[in-house]
Amino acid sequence: MSGYQIKLLPSNQTFEIKKDEIILDAAIRQGVYISYSCRNGTCRTCLFEIKEGAIQQEYADYCLISDQELAVGKRLICMSTCQSDVIMEKA
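As recorded in an unreviewed UniProt entry, the chain goes by the name 2Fe-2S ferredoxin-type domain-containing protein, listed as coming from Paenibacillus psychroresistens. Per its UniProt entry, the chain bears the Cofactor (unreviewed entry) comment "[2Fe-2S] cluster". Its UniProt record gives the chain a comment under Sequence similarities (unreviewed entry), which states: "Belongs to the 2Fe2S plant-type ferredoxin family."

Written out as structure tokens, the structure is:
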């Protein structure tokens with residue numbers, strides 16, 4: 001597979017993600033439970049803090065995430081893609 005690996009803390013559960021795939025979609029596809037509701041970046045249920053790695057927040061101007069949250073590594077994973085292997089924890 002051409003993609004990356006995501007590790008969820010504190011459970012250490014891992015799953016794979018394809019390049020350019022939305023993180024939440026990858027989790028759902030593989031049966032990994034992550035809380036979510038709207039799937040469009042407005043409910044904030046899927047807010048995670050990125051501990052290691054690079055995640056691209058897609059449509060950041062549209063999503064309900066602040067510049068301050070982005071600066072400290074928080075992302076809404078229903079609208080984010082990976083750019084590397086990632087370790088993340090529910091915010």
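K.L.:
Even after reading the chapter, I still don't get the overall build of the chain, so can you show me in this structure?
P.N.:
Each helix and strand counted, the chain has two helices and seven strands in total. Moving toward the C terminus, one meets the helices and strands of the chain in the order β-β-α-β-β-α-β-β-β. The globule rule puts the C-alpha radius of gyration for 91 residues at 12 Å, and the 12 Å found for the chain is close to it. With respect to the principal axes defined by its C-alpha atoms, the chain has extents near 30 × 25 × 25 Å. Relative to its 91 residues, the chain shows a buried fraction of 38%. Carbon and sulfur atoms make up 44% of the accessible area of the chain, which amounts to about 5100 Å² in all. Seen as two clouds, the 10 positive and the 12 negative side-chain charges of the chain have centres 4 Å apart.

K.L.:
Help me out: how do you make sense of the nonpolar core in this one?
P.N.:
As a rule of thumb, soluble globular proteins bury nonpolar side chains together. Core analysis: the biggest nonpolar cluster contains 26 residues, and Ile6, Leu8, Phe15, Ile23, Ile34 and Met88 have the highest contact counts within it. For this core, the secondary-structure elements that each account for two or more residues are strand S1 (3-9), strand S2 (13-18), helix H1 (23-29), strand S3 (47-52) and strand S7 (86-90). Tallying contributions element by element places H1 first for this core, with four residues. Setting aside its immediate chain neighbours within four residues, Leu8 contacts Gln13, Phe15, Val32, Ile34, Phe48 and Met88.

Calculation criteria
- Residues numbered from 1 in each chain as written.
- Predicted model: local features only at pLDDT ≥ 70, side-chain atom pairs only at ≥ 80, totals over all residues.
- Heavy atoms only, no water.
- UniProt positions renumbered as here; feature names shortened; annotations may be inferred.
- Helix = DSSP H or I, 4+ residues; strand = E, 2+ residues; numbered from the N terminus.
- Rg over C-alpha atoms; globule rule 2.2 N^0.38 Å.
- Buried < 20%, exposed > 50% of the residue type's maximum accessible area, 1.4 Å probe, protein only.
- Areas by Shrake-Rupley, 256 points an atom, 1.4 Å probe, with all protein chains shown as cover.
- Lys, Arg positive; Asp, Glu negative; His and termini not counted.
- Charge placed at Lys NZ, Arg CZ, Asp CG, Glu CD.
- Core = buried A, V, L, I, M, F, W, Y, C linked by side-chain atoms within 4.5 Å.
- Contact = heavy atoms within 4.5 Å.

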